[in-house]
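This is what each chain is made of:
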Amino acid sequence: MKNTKVICEKCNGVVESGEDLVTTTLFLPVVAYHEDCFVDHLKGSRGFILSGVPINGLYSNITTILCVILAIISLVFFESMAILFFASLIPIAYRLYSYFIYERPLKNLDNH
């Protein structure tokens, strides 16, 4: 696998390990931060553009699991409410994108 670098959105430094990585949304795209950069500069900045909640954190993992359950339930019991199914796919897609683009390359670096 190629050596993929994860760059912090705030300081433009390279995030060296998965333990120091925080991903969040900045309007629509998923962006990466060092944990310190996220805490110092962005933690209190909530609103439409910046969610303030890490995508790779415990809260988002629980939300993703609940959305998977909601998607399955909406397909089985509420066929006429397709919007519920598609709305539940949005957090799942963000979590998967964060994992494959940012977290997985750092896990491969940590294992070497």
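The structure presented is a predicted model; accordingly, all values stated were derived computationally and were not measured.

### As for the overall build of the protein
Part 1 of the argument: For the protein, the count of helices and strands is three helices and four strands.
Part 2 of the argument: Start at the N end of the protein and walk to the C end: the helices and strands fall as β-β-β-β-α-α-α.
Part 3 of the argument: Of all intrachain contacts in the protein linking residues separated by at least 6 positions in sequence, the fraction that spans at least 24 positions is 53%.
Part 4 of the argument: Per element, the accessible surface of the protein, about 7,400 Å² overall, is 65% carbon and sulfur.

### So, unusual backbone geometry
Part 1 of the argument: Even without being a glycine, Asn12 presents a positive backbone phi close to 60 degrees.
Part 2 of the argument: Along the chain, Asn12 turns up in the loop between β1 (6–7) and β2 (14–15).

### Overview of helix α2 (residues 58–77)
Part 1 of the argument: Across its 20 residues, α2 extends 28 Å between first and last C-alpha, which sits within 8% of the 28 Å expected from 1.5 Å per residue.
Part 2 of the argument: Of the positions making up α2, those classed as buried are Ser60, Thr64, Cys67, Ala71 and Ser74. Around the axis of α2, the buried residues are gathered within 95 degrees of arc, so they sit on the same side. Those residues of α2 that are exposed and aimed more than 90 degrees away from the buried face are Leu58, Ile65, Leu66 and Phe77.

### Quick word on the pairing of strand β4 (residues 30–34)
Part 1 of the argument: With respect to burial, β4 is a largely interior element, five of its five residues being buried.
Part 2 of the argument: Neither face of β4 is open: one carries Val30, Ala32 and His34, the other Val31 and Tyr33, and all of them are buried.
Part 3 of the argument: Strand direction decides the pairing type here: strand β3 (residues 21–25) and β4, joined by five bridges, are antiparallel. Among the inter-strand pairings, Val22 is bridged to a residue of β4, identified as Tyr33.
Part 4 of the argument: Hairpin connection, β3 to β4: the antiparallel pair is bridged by four residues, and Phe27 has positive phi, about 65 degrees.

### With respect to the packing of aromatic side chains
Part 1 of the argument: Tallied over the full model, the rule gives three aromatic pairs.
Part 2 of the argument: Look at Tyr33 and Phe38: their rings are 6.2 Å apart centre to centre, the planes differ by 45 degrees, and that puts the pair in the tilted class. A single burial state applies to Tyr33 and to Phe38, both of which are buried.
Part 3 of the argument: Pairing Phe85 with Phe86 gives two aromatic rings, centres 5.2 Å apart and planes at 70 degrees, and the pair type is edge-to-face.

Parameters at a glance
Residues numbered from 1 in each chain as written. Predicted model: local features only at pLDDT ≥ 70, side-chain atom pairs only at ≥ 80, totals over all residues. Heavy atoms only, no water. Helix = DSSP H or I, 4+ residues; strand = E, 2+ residues; numbered from the N terminus. Contact = heavy atoms within 4.5 Å. Areas by Shrake-Rupley, 256 points an atom, 1.4 Å probe, with all protein chains shown as cover. Expected span 1.5 Å × (residues − 1). Buried < 20%, exposed > 50% of the residue type's maximum accessible area, 1.4 Å probe, protein only. Arc of directions from axis to C-beta. Pairing = 2+ DSSP bridges. Phe/Tyr/Trp six-rings, centres within 6.5 Å; stacked < 30°, edge-to-face > 60°.

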